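# Residue-level structure breakdown
Given next are the chains, with one letter for each unit.
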Amino acid sequence: MKIGNLDLGDRPVLLAPMEDVTNPPFRVLCKRYGADLMYTEFISADALIRSVNRTMKKLTILDEERPVAIQIYGKDVDPMVEAAKIVEAANPEFLDLNFGCPVRKVATKGAGSGMMRNVPQMLKITEAVVKAVNIPVTVKTRLGWDEDSKIIVELAEQLQDVGIQGLTIHGRTRCQMYKGEADWTLIGDVKNNQRMHIPIIGNGDITNPVKAKEAFDKYGVDAIMIGRASVGKPWIFRDIKHYFNTGELLPPATVSQQVEMLKEQIDAAIEWIDEKRGILHMRRHMAGMFKGLVNFKPTRIDMLRANHYADLMPILDRISMEWGNLQIDDE
């Protein structure tokens, strides 16, 4: 699959943009486990042009994590164009426009998936951004606003016509949020539309290697994107690649292996931010780990309540000591 001059090879597996998750330390870890392309956390165009410190830091790209796409969102043409130029100066491989975020504070203000209710504005923004920068521009969006307005097949053609070089489709409507099952049928319809010639990336419910292979084989997408399934389990990229190459499923990681990976990630998060915010950031990752362990609830509570590194490390050591050799598939 190619986006602009970037060749990601056959059946690439991408790390989805996730707020408060896909910072540089996590992206580096996913890269090491085999992710082919990283996306930053999504970035507010309005905050970017105001040079908000926390937002500007999201533009940071480390050499060891490339290739990387920077994703922005907004609802007005001029701020999106100005933000796109700032992004271009940060030197990502390409720029992604978020028209898919379903979060209320974003969508109800007309940004993210709120754009599904204002397609003319979406197209106006996209065309203006494409013309304003010299790097490839892609879009991430959803099937439609609700069950009665699944417009993605027509919308994909319109976005292609204004110049995007790739399209990621999450197989849910905005109103679904992340509930129910992702509908890949319409993703397949977009890919199999003879008018479409840009890469189509499928997103939604890819939680294991078997589902990853089905996405390629059944729906014909050019790439798949992994989001929530990578939180607390960044080795999912390795597992998928191994299955693609051998047809065999790797055994689940042991608890001890997961603990060592988690420690490394905590260290990196603290170095990137600071101790307090780094541990707070990691709680989302820790909350998704060690599912299925018997009588683990009290330990999980202790782990998620720990506010200091010195308190957290002994808890992780205890987890490794008590459950270390167990293999758990926490899908």
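Each value, and the rule that gives it
Residues numbered from 1 in each chain as written. Predicted model: local features only at pLDDT ≥ 70, side-chain atom pairs only at ≥ 80, totals over all residues. Heavy atoms only, no water. Salt bridge = Lys/Arg side-chain N within 4 Å of Asp/Glu carboxyl O. Helix = DSSP H or I, 4+ residues; strand = E, 2+ residues; numbered from the N terminus. Buried < 20%, exposed > 50% of the residue type's maximum accessible area, 1.4 Å probe, protein only. Expected span 1.5 Å × (residues − 1). Bend = angle between axes of the 7 residues up to and from the residue. Contact = heavy atoms within 4.5 Å. Pairing = 2+ DSSP bridges. Right-handed = clockwise from strand over helix to strand, strands pointing away. pLDDT = per-residue confidence, 0-100. Axes fitted to C-alpha atoms, helices over the stretch in contact; angles between N-to-C directions. Nonpolar A, V, L, I, M, F, W, Y, C, P; charged D, E, K, R; others polar. Phe/Tyr/Trp six-rings, centres within 6.5 Å; stacked < 30°, edge-to-face > 60°. Lys NZ or Arg CZ within 6 Å of the ring centre and 35° of its normal.

### Some words on the pattern of salt bridges
Applying the stated criterion across every chain yields a total of 20 salt bridges. Of the charged contacts, one joins aspartate 222 and lysine 191 as a salt bridge, the two residues approaching to 2.9 Å between their closest N and O atoms. Of this pair, aspartate 222 sits in the loop between helix H9 (209-219) and strand E11 (223-226) while lysine 191 sits in helix H8 (residues 185-191), placing them 31 residues apart in sequence. We classify aspartate 222 as partly exposed; its relative accessible area is 21%. A salt bridge links lysine 263 to aspartate 317, with the nearest nitrogen and oxygen atoms 2.4 Å apart. Residue lysine 263 is found in helix H11 (residues 255-272), and its partner aspartate 317 is found in helix H14 (residues 309-323); the two are separated by 54 residues along the sequence. Classification of lysine 263 by relative accessible area gives buried; the value is 17%.

### Observations concerning helix H12 (residues 275-287)
The α-helix advances 3.6 residues per turn, and as a result positions three or four apart in sequence lie on the same side. Taking 1.5 Å per residue, 13 residues should reach 18 Å; H12 reaches 18 Å between its end C-alpha atoms and fits that length. The largest bend along H12 reaches roughly 25° and is located at histidine 281. Within the span of H12, buried status applies to Gly278, Ile279, His281, Met282, His285 and Met286. Looking at the buried residues of H12, the elements they touch are helix H1 (24-32), H11, helix H13 (297-305) and H14.

### Structural notes on the pairing of strand E8 (residues 137-142)
Of all six residues making up E8, six are buried, and the element is well covered by its neighbours. Burial along E8 is two-sided: Val137, Val139 and Thr141 facing one way and Thr138, Lys140 and Arg142 facing the other are all buried. Bridge count between strand E7 (residues 94-99) and E8: five bridges; the pairing is parallel. What sits directly across from leucine 95, in E8, is valine 137. Here E8 runs beside strand E9 (residues 167-170); their pairing, made up of four bridges, is parallel. Within E9, the position partnered with valine 139 by the bridge is leucine 167. The handedness of the E8 to E9 crossover, carried by helix H7 (residues 152-161), is right-handed.

### Here's the deal with unusual backbone geometry
Of the consecutive residues arginine 66 and proline 67, the connecting peptide bond is found in the cis state with omega at 5°. Considering the arrangement of structural elements, one finds proline 67 in the loop between helix H3 (53-57) and strand E6 (68-73). One non-glycine residue, aspartate 20, lies in positive phi territory at about 65°. By the element assignment, aspartate 20 lies in the loop between strand E3 (13-15) and H1. For aspartate 20, a relative accessible area of 36% puts it in the partly exposed group. Even without a glycine there, the phi angle at phenylalanine 290 is positive, about 65°. Summarising the element assignment, phenylalanine 290 is placed in the loop between H12 and H13. For phenylalanine 290, a relative accessible area of 0% corresponds to the buried category.

### Quick look at the confidence of the model for the chain
Per-residue pLDDT for the chain has a mean of 92; in total, 99% of the residues score no lower than 70. Highest mean pLDDT in the chain belongs to E3 (98); lowest belongs to helix H5 (residues 104-107) (86).

### A short note on the packing of H1 against H11
Between H1 and H11, whose axes approach to 8 Å, the crossing angle comes to 145°. When H1 is examined against H11, the residues Pro24, Pro25, Phe26, Leu29 and Arg32 are found in contact with a partner set consisting of Met261, Glu264, Gln265, Ala268, Ala269 and Trp272. Counted by class, the contact of H1 with H11 contains eight nonpolar, one polar and two charged residues.

### Observations concerning the packing of aromatic side chains
Across all of its chains, the model carries six aromatic pairs by this definition. Consider the rings of phenylalanine 42 and tyrosine 73, whose centres lie 4.5 Å apart with planes at 25°: the pair is stacked. Residue phenylalanine 42 is found in the loop between strand E4 (38-39) and strand E5 (43-44), and its partner tyrosine 73 is found in strand E6; the two are separated by 31 residues along the sequence. Put simply, the rings of Phe290, Phe296 and Trp323 touch in pairs and so form one group of aromatic residues. The positively charged end of lysine 57 is found above the aromatic ring belonging to tryptophan 272, 4.5 Å away from the centroid.

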